[in-house]
Number of protein chains: 2
Amino acid sequence: MINFTLRQLRYFEALARYGHFGRAAEAAAISQPALSMQIKELEDSLGIALFERGPKGVRLTGFGEAFAERAREILRSVDELEDLARASRDRLVGRLRIGVIPTIAPYLLPTIIHELTRANAGLDIYVRETLTNNLIRELGDGRIDAAIVALPVSEPSLTEVALFTENFVLVRPVADAGRPVPSADMLREMRLLLLEEGHCFRDQALSFCNIPSARPREGLDASSLSTLVQMVGAGIGVTLIPEMAVAVETRSASVAIARFDEPQPARTVGMVWRKTSPLARQLLRISEIVRESAAALPTPVA
Amino acid sequence: MINFTLRQLRYFEALARYGHFGRAAEAAAISQPALSMQIKELEDSLGIALFERGPKGVRLTGFGEAFAERAREILRSVDELEDLARASRDRLVGRLRIGVIPTIAPYLLPTIIHELTRANAGLDIYVRETLTNNLIRELGDGRIDAAIVALPVSEPSLTEVALFTENFVLVRPVADAGRPVPSADMLREMRLLLLEEGHCFRDQALSFCNIPSARPREGLDASSLSTLVQMVGAGIGVTLIPEMAVAVETRSASVAIARFDEPQPARTVGMVWRKTSPLARQLLRISEIVRESAAALPTPVA
DNA sequence: TTTTCATGATAAGAATTCCTGATGATCAAT
DNA sequence: ATTGATCATCAGGAATTCTTATCATGAAAA
């Protein structure tokens, strides 16, 4: 059974380079007998001589030369692998799989993807956009590395850090623009358009209005904030959207935006990952980048 | 200082493959704690986690996957290197540099090169044709691996093995064809054509005639047996050639060949190499191939 | 919940490997 | 012959690696 070690390859390389046990041993920072033994062991395990010993030094055999060529290549690969490790130690490298809920993704992702790739060249970012429940499950399965969702998640196996808090604003037809801002109770009596079941934002909006989320509601639910705003523009009703969505969603729709009186409805957005994730340190740094990116987004004047 | 071992790489590969310490340890034929320790050591030396531990097994991190890809490549190269060693153990491989003296080379080389490459596919044969002195020097310098010369060489640092003994035959003009074969003493009085100084064959011929080789001689010396035979054909004199040369050299010249009476002049041809050469075993086998090749050569009828 | 099971980590001692320093053997040059 | 240089060998000790036994943790089952 042939079985040499990287150490032997390194010693071999030194001896091939110097052609002299004493000097090669010095270069390898070991004693000459240690080098002799390792070379001998290497040759024995290979069953073929690598060097021809002479009184004035040693010389590679024909096989030794072929061996040296491949050995150097292996040592080079090993060095590169070590370099890769060194370079990856603090930087995030390779693949980052991040999940984001649909009511955040379209507004936050362009910025944070840009910031992350800028800060970490060579980082491949995969994005998964789906409902919170799915994200939590995929996080547990190791299908994604982190998720950006509304807090709290309250999974003991997950670490969660808050990123920012955002208010919800009222979206109503332009005709209503000047009218007073309705209270939560008034809102309950209005025709309130909401997202489909499963979106946490739907539950948050209902909660603000003190409406039990289980209660069946008349009217169609929308599958995206964009659709909701279009429906408001068509005069079907009113809705709430997170303020982060205002800039994007009201660009092409003729609707009026109004802030609620204090206490404004709001939600806390955070990032979560497995407590056991070895990326914990890097994920914490990423969460900071995301926080800064979010803070830099334009706030709607309302 | 990062410094991992091939062993760690192999263990890592097993764990990456099985995703389970126990099964990977079994596959690597070690205990589970031993695997745990080596993986931990590897991760510590890299300064970055390779696996994410979970209660139902382990999973590669993003960096772990990049690492695995390169690690597998390294392990593959190592395997190939071991294969190379195994394949080279008994077979002669790579480069064989062999020297042959000019009075043998043209007659023996075609056959033995053919035989050697047939027996050892992948063997590159380099041939050096020069005088014995040069061959011995180049042998000592490691510029060639073996030499085929007339014995004895009497260098204590060299191993010499006899290959075959060949007689010398007389080459004389066709007009002399029927005449009795001259004795060594008679030969001394005839016009004997010889090779230049430095050829051992010149000394061997002179020795047969009991002529001191130091004595200056009239007439031009030839640089090859071929020229000698041409000169005989032109009626300039007579000469001796090794019987191995007869078939080739008398093909196109009109000369007569005659064997001497016993004891016929002869020389022993052998192969020599450095005693320290690690190719010793293979060279001995090669010498046998050469011996057989020589024996198979057609003997002149004379 | 409590128990059980599976998984990886840790600890202690034994086995193995590796290294150092001293010495030996060989060869060449003086 | 003597000296100097070179590589091999040896013995003892240091370092590494392995095994067995045990622990800690979390998930599944009762």
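Thresholds applied
Residues numbered from 1 in each chain as written. Chains lettered and ligands numbered in written order. Predicted model: local features only at pLDDT ≥ 70, side-chain atom pairs only at ≥ 80, totals over all residues. Heavy atoms only, no water. Helix = DSSP H or I, 4+ residues; strand = E, 2+ residues; numbered from the N terminus. Buried < 20%, exposed > 50% of the residue type's maximum accessible area, 1.4 Å probe, protein only. Areas by Shrake-Rupley, 256 points an atom, 1.4 Å probe, with all protein chains shown as cover. Lys, Arg positive; Asp, Glu negative; His and termini not counted. Charge placed at Lys NZ, Arg CZ, Asp CG, Glu CD. Salt bridge = Lys/Arg side-chain N within 4 Å of Asp/Glu carboxyl O. Axes fitted to C-alpha atoms, helices over the stretch in contact; angles between N-to-C directions. Parallel < 35°, antiparallel > 145°, perpendicular 65-115°, else oblique. Left-handed = near helix turned anticlockwise from the far one by under 90°. Contact = heavy atoms within 4.5 Å. Nonpolar A, V, L, I, M, F, W, Y, C, P; charged D, E, K, R; others polar. Buried area = accessible area lost by both parts, 1.4 Å probe. Polar contact = N/O pair within 3.5 Å; in protein donor to acceptor, adjacent residues only side chain to side chain. Least-squares fit on C-alpha atoms with pLDDT ≥ 70 in both. Near = heavy atom within 4 Å.

## Thoughts on the overall build of chain A
Step number 1: Per the secondary structure count, chain A includes eleven helices and ten strands.
Step number 2: Counting only C-alpha atoms, chain A reaches 105 × 35 × 30 Å along its principal axes.
Step number 3: Across the 302 residues in chain A, those meeting the buried criterion constitute 49%.
Step number 4: By element, 51% of the accessible surface of chain A is carried by carbon and sulfur atoms, the whole surface being about 14,400 Å².
Step number 5: Seen as two clouds, the 35 positive and the 37 negative side-chain charges of chain A have centres 4 Å apart.

## Structural notes on the pattern of salt bridges
Step number 1: Tallied over the entire structure, the rule returns 30 salt bridges over all chains.
Step number 2: Between A:Glu13 and A:Arg72 there is a salt bridge, and its shortest N-O distance comes to 2.8 Å. One end of the pair, A:Glu13, is in helix H1 (residues 6-18); the other, A:Arg72, is in helix H4 (residues 62-88), and 59 residues separate them in sequence.
Step number 3: Look at A:Arg72 and you get partly exposed, because its relative accessible area is 33%.
Step number 4: Two residues, B:Arg179 and B:Asp176, come together in a salt bridge whose shortest N-O distance is 3.6 Å.
Step number 5: Residue B:Arg179 is classed as exposed on the basis of its relative accessible area of 54%.
Step number 6: When salt bridges that share partners are traced, they join A:Glu13, A:Arg17 and A:Arg72 into one network.

## Description of the packing of helix H5 (residues 105-119) of chain A against helix H11 (residues 280-295) of chain A
Residues and elements named next belong to chain A.
Step number 1: The contact between H5 and H11 brings their axes to 9 Å, and the two run at 130°. The angle between the axes of H5 and H11 places the two elements in the oblique class. The way H5 lies across H11 gives a crossing that is right-handed. Contacts between H5 and H11 involve Leu108, Thr111, Ile112, Glu115, Leu116 and Ala119 from the former and Ile286, Ile289, Val290, Ser293 and Ala294 from the latter.
Step number 2: A breakdown of the residues in the contact of H5 with H11 according to their chemical character gives eight nonpolar, two polar and one charged.

## Quick look at the interface of chain A and chain B
Step number 1: In this complex, chain A contributes 42 residues to the contact, which on the side of chain B involves 41 residues.
Step number 2: For the pair chain A and chain B, the summed buried area comes to about 3,600 Å², and 61% of that belongs to carbon and sulfur atoms.
Step number 3: Among the residues of chain A in contact with chain B, A:Ile2, A:Glu52 and A:Leu81 are the three that bury the most area, contributing 16% of the side total.
Step number 4: At the junction of chain A with chain B, the criterion picks out four salt bridges.
Step number 5: Residue B:Glu52 pairs with A:Arg274 through a salt bridge whose shortest N-O separation is 2.5 Å.
Step number 6: For the pair chain A and chain B, the number of links is three residue pairs in polar contact (both at pLDDT 80 or more).
Step number 7: Mapped by element, the contributors of at least two residues to the side of chain A that touches chain B are H1, helix H3 (32-46), strand S1 (51-54) and H4 of chain A.
Step number 8: In terms of residues, the side of chain A that touches chain B owes the most to one element, H4(A), which gives 17 residues.
Step number 9: The residue makeup of the side of chain A that touches chain B, split by class, is 18 nonpolar, eleven polar and 13 charged.

## Quick word on the relation of the copies chain A and chain B
Step number 1: Structural alignment of chain A on chain B gives an RMSD of 0.4 Å, achieved by rotating through 180° and translating 0.1 Å along the axis. Such a combination of turn and shift is consistent with a two-fold rotation axis.
Step number 2: When you check the interface residues of chain A against chain B, 98% turn up at the interface there too, and the contact is symmetric in its surfaces.

## Here's the deal with the protein's contact with DNA strand C
Step number 1: Neighbouring DNA strand C are 21 residues, the closest being A:Arg7, A:Tyr11, A:Ser31, B:Ser36 and B:Arg53.
Step number 2: Among all atoms of DNA strand C positioned within 4 Å of the protein, those belonging to sugar or phosphate total 65%.
Step number 3: In the environment of DNA strand C, a phosphate oxygen lies 2.9 Å from a nitrogen or oxygen atom belonging to the side chain of A:Arg7.
Step number 4: A:Gln38 is positioned such that a nitrogen or oxygen atom in its side chain is 3.2 Å from a phosphate oxygen of DNA strand C.
Step number 5: Looking at the surface near DNA strand C, the elements that each hand over two or more residues are H1 and H3 of chain A together with helix H2 (21-27), helix H3 (32-46) and strand S2 (57-60) of chain B.
Step number 6: Counted by class, the surface near DNA strand C contains ten nonpolar, seven polar and four charged residues.

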